[in-house]
Amino acid sequence: MNCSQIEEYAADYLAGHLEHTLKLELESHLGECAACRETLRASREIWTQLGALPQVQPSPELRLRVNAIIAAYRQGQAQRIEISSPPPHWWDGLWTWWSRHPAWQLTVLALVFAVGLVTGPQLSHPDRPNAAFTQLREEVGSLKELVTLTLLQQPSASERLQGINWSYQVSSQDEKVLAALVQALETDPNVNVRVATVEALRQFSGQSMVRNGLLRSLAKEDAPLVQIELIDLMVRLREKASIPMLQRITQNPDSNLAVRQHAEWGLQQLIQT
Amino acid sequence: MGQVRNGQVEQLGLLFERHHVRLFNFFLRLTDNREASEDLTQDVFYRLLKYRQSFAPGNPFVPWMYQIARHVHYDALRKKARETPWKDEESETWVETISPEPSPDRTAVTRQEIDLLKQALAGLPREKREVLVLSRIQNLRCEEIAQIVGCGASTVRVRIHRALQDLKLALDRLLGEKAL
């Protein structure tokens, strides 16, 4: 063995994975070559130190979060099985075949599109919705609600932001999700989450629960980014009930200058309309 | 994983119990951030479920899992590059518990030594840090690492050895600075 080969075999040697013959050759070379001996001594030292780094345990919440994902997935899976009428093995076989033939996928897609173009206008009966489709839509809706609510309760801000993104897919009648969003706006410790929540609540602003939550938040919010988002939304909604809160912000010398100016602008907009 | 692939998704819970601590430590040594490491670990299990059909039955599970873990890490790095680095905003102070009884091949180290080693490790380029963590901390063989990172086993062996040398130099430099 020569010096350049040492570089290749050192890792396995240190890990104890080097086969016996190679190990003997390597050690023989080390006996003769002081430079390689020194290199390997230094490598072994750092190798040992790395191995002494302790294994750290994650928090117990991680298990809860992954279990929530599995549970949400199983629920969705159960609902899909319940709705699909053909036997699963038949469907699985067809699906496997289908997923491996992209040319057929494109052909059938084009065919369906063409048939739809021709027959769609003649066959549409909006007064007779398909019952299975309606059921599927309802069940998918409840799965989205579950995922949204689960994510909104996570300790990690990035997970809660994902929950807010999911909320765009739920119905405006879903009071549980609306209540969770309003609560996030009022109590979430993370500014980015609160800003995203203001934007998400905009789509539900017709609901009195949401309007009241937005007003309560405007009254007590002190993060400039969130305050500016709330002021913008109040102007967009022409919410006159926000005028006293905006006046309070403009008169408060402790308010952020940009927020004060934005509140003055908002007041002008609301008073003019 | 074969059972998960065939639709028995509850079996993912078993895989979680077997692998989540080592995955979490993999990310912890790459990011040095507990919260981010938990998020990334969770993301791996989510993707195992989402992409379960891409697992080839009969193939070893662990390298496949780490391939997904690498993608998760890269995606997070790309996302973070557009936002803010972990350490500037979300870094938390956390103290590693030092095992009172180190395993036979592990020597007892002080907390200060651990901090310096972590600092030196964090300074290495990602490719080198990754192979060191996979080989020394995750105890994977070079052939498995080669599958994970997508190169030859000989390349991995050389990369590990060079990474060890770089880490030693970085650590000596930090020790020298501390001594001044």
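Residues numbered from 1 in each chain as written. Chains lettered and ligands numbered in written order. Predicted model: local features only at pLDDT ≥ 70, side-chain atom pairs only at ≥ 80, totals over all residues.

Describing the overall build of chain A
Check the secondary structure of chain A and you find 14 helices and zero strands. Mapped from its N terminus to its C terminus, chain A presents α and β elements in the order α-α-α-α-α-α-α-α-α-α-α-α-α-α. For chain A, the proportion of contacts with a sequence separation of at least 24, taken over those separated by at least 6, is 62%. (Helix = DSSP H or I, 4+ residues; strand = E, 2+ residues; numbered from the N terminus. Contact = placed C-beta atoms within 7 Å.)

Section: the overall build of chain B
From N to C terminus, chain B includes nine helices and zero strands. In chain B, the succession of helices and strands from N to C terminus is α-α-α-α-α-α-α-α-α. The buried share among the 180 residues of chain B stands at 32%. For chain B, the proportion of contacts with a sequence separation of at least 24, taken over those separated by at least 6, is 66%. (Buried ≥ 20, exposed ≤ 12 C-beta atoms within 10 Å, placed from the backbone.)

Notes on the confidence of the model for chain A
For chain A, the average pLDDT comes to 81, and 75% of its residues sit at 70 or higher. Here residues 83-88 of chain A scores under 50 on pLDDT; set against residues more than four positions off or in separate chains, the count is six contacts. (pLDDT = per-residue confidence, 0-100.)

Quick look at the interface of chain B and chain A
The interface is formed by 45 residues belonging to chain B together with 36 residues belonging to chain A. When residues of the side of chain B that touches chain A are traced back to their parent elements, those giving at least two are α2 (12-31), α3 (34-50), α6 (111-122), α7 (126-137) and α9 (153-179) of chain B. The element contributing the most residues to the side of chain B that touches chain A is α9 of chain B, with ten residues.

Some remarks on the nonpolar core
Ranked by size, the top nonpolar core spans 55 residues in total, and within it V44, A69, I145 and L167 of chain B carry the most contacts. Top element by residues in this core is α2 of chain B. It accounts for eight residues. If near-sequence neighbours (up to four positions away) are discounted, A69 of chain B is found in contact with L23, F26 and V44 of chain B. In terms of nonpolar packing, the next biggest core, distinct from the first, is built from 34 residues, L161, I164, V193 and I231 of chain A among them. (Core = buried A, V, L, I, M, F, W, Y, C linked by C-beta atoms within 7 Å.)

Details of the confidence of the model for chain B
Residue and element names in this part refer to chain B. Scored by pLDDT, chain B comes out at a mean of 82, with 83% of its residues at no less than 70. In this model, residues 88-94 is a region of pLDDT below 50 whose contacts with residues beyond four sequence positions or in other chains number nine contacts. This model gives residues 97-108 a pLDDT under 50, and the stretch forms twelve contacts once residues within four places in sequence are excluded. Model confidence for the complex: the whole-complex pTM is 0.54, and ipTM, which rates the interface, is 0.80.

Some words on α9 of chain B
The end-to-end C-alpha distance of α9 of chain B is 39 Å, a good match for the 39 Å that 27 residues give at a rise of 1.5 Å each. Every buried residue of α9 of chain B is listed here: V156, R157, R159, I160, H161, A163, L164, L167 and L171 of chain B. Lining the buried residues of α9 of chain B we find α1 (3-15) and α3 (34-51) of chain A together with α6, α7 and α8 (142-149) of chain B. (Expected span 1.5 Å × (residues − 1).)

Overview of the packing of α6 of chain B against α9 of chain B
Residue and element names in this part refer to chain B. Packing of α6 against α9 brings their axes to within 9 Å, and their N-to-C directions diverge by 125°. The angle between α6 and α9 falls in the class oblique. Classified by chirality, the crossing of α9 by α6 is right-handed. Mapping the contact onto sequence places L116, L117, Q119, A120 and L121 in α6 and L167, A170, L171, L174 and L175 in α9. (Axes fitted to C-alpha atoms, helices over the stretch in contact; angles between N-to-C directions. Parallel < 35°, antiparallel > 145°, perpendicular 65-115°, else oblique. Left-handed = near helix turned anticlockwise from the far one by under 90°.)

Quick look at the packing of helix α13 (residues 243-251) of chain A against helix α14 (residues 257-272) of chain A
Residues and elements named next belong to chain A. Contact geometry of α13 with α14 gives a least axis separation of 8 Å together with a crossing angle of 145°. With respect to the hand of their crossing, α13 and α14 are arranged in left-handed fashion. Across the interface between the two elements, I243, L246, Q247, I249 and T250 of α13 pack against V259, R260, A263, E264, G266, L267 and L270 of α14. Across the contact of α13 with α14, the residue classes tally to seven nonpolar, three polar and two charged. (Nonpolar A, V, L, I, M, F, W, Y, C, P; charged D, E, K, R; others polar.)

So, unusual backbone geometry
Its identity as a non-glycine residue notwithstanding, R238 of chain A has a phi of 50°, on the positive side. Note on placement: R238 of chain A falls in the loop between α12 (224-237) and α13. According to the C-beta neighbour criterion, R238 of chain A is exposed, with 10 such atoms within 10 Å. For N139 of chain B, which is not a glycine, the phi torsion comes out positive at approximately 55°. Position of N139 of chain B relative to the elements: it lies in the loop between α7 and α8.

Some words on the environment of Q261 of chain A
Residues and elements named next belong to chain A. Looking at the element boundaries, Q261 is found in helix α14. Among the residues examined, Q261 registers 13 C-beta atoms within 10 Å and is labelled partly exposed. Remark: the alpha-carbon pair of Q261 and I228, spanning 33 residues in sequence, is separated by 9.9 Å.

Brief notes about α3 of chain B
Helix length check: α3 of chain B (17 residues) gives 24 Å between terminal C-alpha atoms against 24 Å at 1.5 Å per residue, within 8%. Buried within α3 of chain B we find A36, S37, E38, D39, L40, T41, Q42, D43, V44, F45 and L48 of chain B.

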